Amino acid sequence: MAMTVEAQFHVLAVDDSLIDRMLIERLLKTSSFHVTTVDSATKALKFLGLVEDELRTFGNPVASEIHQDVDVNLIITDYCMPGMTGYDLLRKIKESKSLKDIPVVIMSSENVPSRINRCLEEGAEEFFLKPVKQADVNKLKPHLMKSRAKEEQDQLFNNKRKDMEEIHCPNKTRLKCSS
């Protein structure tokens, strides 16, 4: 029984290798995920609505968020890519107010324990060694479920707060008309 498009989890897959991108896309789609693929961390940030400003502070780019209605439930990214690495992408996502709760999974063909630990300490949910297998993809579901539960809890909290504001400050919600 296939899930409806509304109920599907949306995964953003980031890899500079076309072959690896096609493999991860096929594995994710086999598990009924909706998949968007991009070939660089910079394109991933643009897709997510997080862009680096041309302004630089002491040589560091300043990231700004533009409102973009993209509902991504998980990001899976290669570690080693030209330009911005998967680790850099992970850090930018975790520094973003609106994106920090999106689970991020790093993949790499190199088994470097210090690299794996650094990614996990920085907030990656998993670190997969390439080639990614179906068993790896099966490990994503609990992270997605946890992420969706948090989204629902946040939505419930925001609705309750809004209701309380309307009860205690009813004039705030009324339109003021001028004659």
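Fair warning: this is a prediction, and the values are worked out from it, not measured in the lab. (Residues numbered from 1 in each chain as written. Predicted model: local features only at pLDDT ≥ 70, side-chain atom pairs only at ≥ 80, totals over all residues. Heavy atoms only, no water.)

Please set out the environment of Leu 129 residue by residue, giving values where relevant.
Within the secondary structure, Leu 129 is located in strand 7 (residues 126–129). On a C-alpha basis, the gap between Leu 129 and Met 107 in space is 5.6 Å, while along the polypeptide they are 22 residues apart. Filtering out sequence-adjacent residues up to four positions away, Leu 129 remains in contact with Ser 108, Glu 110, Asn 111 and Asp 136. (Helix = DSSP H or I, 4+ residues; strand = E, 2+ residues; numbered from the N terminus. Contact = heavy atoms within 4.5 Å.)

So what about the sheet that holds strand 2 (residues 34–38)? Which residues, and what values?
Within a sheet, each strand pairs with its neighbour through backbone hydrogen bonds, oriented either parallel or antiparallel. With respect to topology, 5 strands assemble into an open sheet ordered 2-1-5-6-7, the strand pairing being parallel. Every other strand in the sheet has two partners, leaving strand 2 and strand 7 as the edge strands with one partner each. Neighbour-to-neighbour, the strand axes of this sheet turn through a mean angle of 20°, independent of strand direction. Looking at chain direction, strand 6 (residues 104–108) and strand 7 are connected through 4 bridges and run parallel. By the bridge assignment for strand 7, Val 105 is matched with Glu 126. The sheet strands contacting helix 1 (residues 18–30) are strand 1 (10–14), strand 2, strand 5 (74–78) and strand 6, and the helix crosses strand 2 at an angle near 170°. The sheet strands contacting helix 4 (residues 113–122) are strand 6 and strand 7, and the helix crosses strand 7 at an angle near 150°. (Pairing = 2+ DSSP bridges. Axes fitted to C-alpha atoms, helices over the stretch in contact; angles between N-to-C directions.)

Tell me about the pairing of strand 6, and name the residues and values.
Of all 5 residues in strand 6, 5 are buried; the element is thus mostly enclosed. What you see with strand 6 is no split at all: Val 104, Ile 106 and Ser 108 on one side and Val 105 and Met 107 on the other are buried throughout. Direction of pairing for strand 5 relative to strand 6: parallel, over a ladder of 4 bridges. Following the sheet pairing, Ile 76 is matched in strand 6 by Val 105. With helix 3 (residues 86–95) bridging strand 5 and the parallel strand 6, this β-α-β connection has right-handed handedness. As for the winding sense of the linkage, the β-α-β connection from strand 6 through helix 4 to strand 7 is right-handed. (Buried < 20%, exposed > 50% of the residue type's maximum accessible area, 1.4 Å probe, protein only. Right-handed = clockwise from strand over helix to strand, strands pointing away.)

Could you give an account of the pattern of salt bridges, with specific residues and numbers?
Under the definition given, this model contains 9 salt bridges. For the salt bridge of Asp 20 with Lys 130, the shortest nitrogen-to-oxygen distance reads 3.0 Å. Taken together, the residues Asp 20 in helix 1 and Lys 130 in the loop between strand 7 and helix 5 (134–138) connect sequence positions 110 residues apart. Taking relative accessible area as the criterion, Asp 20 reaches 24% and is therefore assigned partly exposed. Among the salt bridges present, the one from Asp 78 reaches Lys 130, with a minimum N-O distance of 3.1 Å. Note that Asp 78 is positioned in strand 5 and Lys 130 in the loop between strand 7 and helix 5, a separation of 52 residues in sequence. Look at Lys 130 and you get buried, because its relative accessible area is 16%. Through salt bridges that share partners, Asp 15, Asp 20, Asp 78 and Lys 130 make up one connected network. (Salt bridge = Lys/Arg side-chain N within 4 Å of Asp/Glu carboxyl O.)

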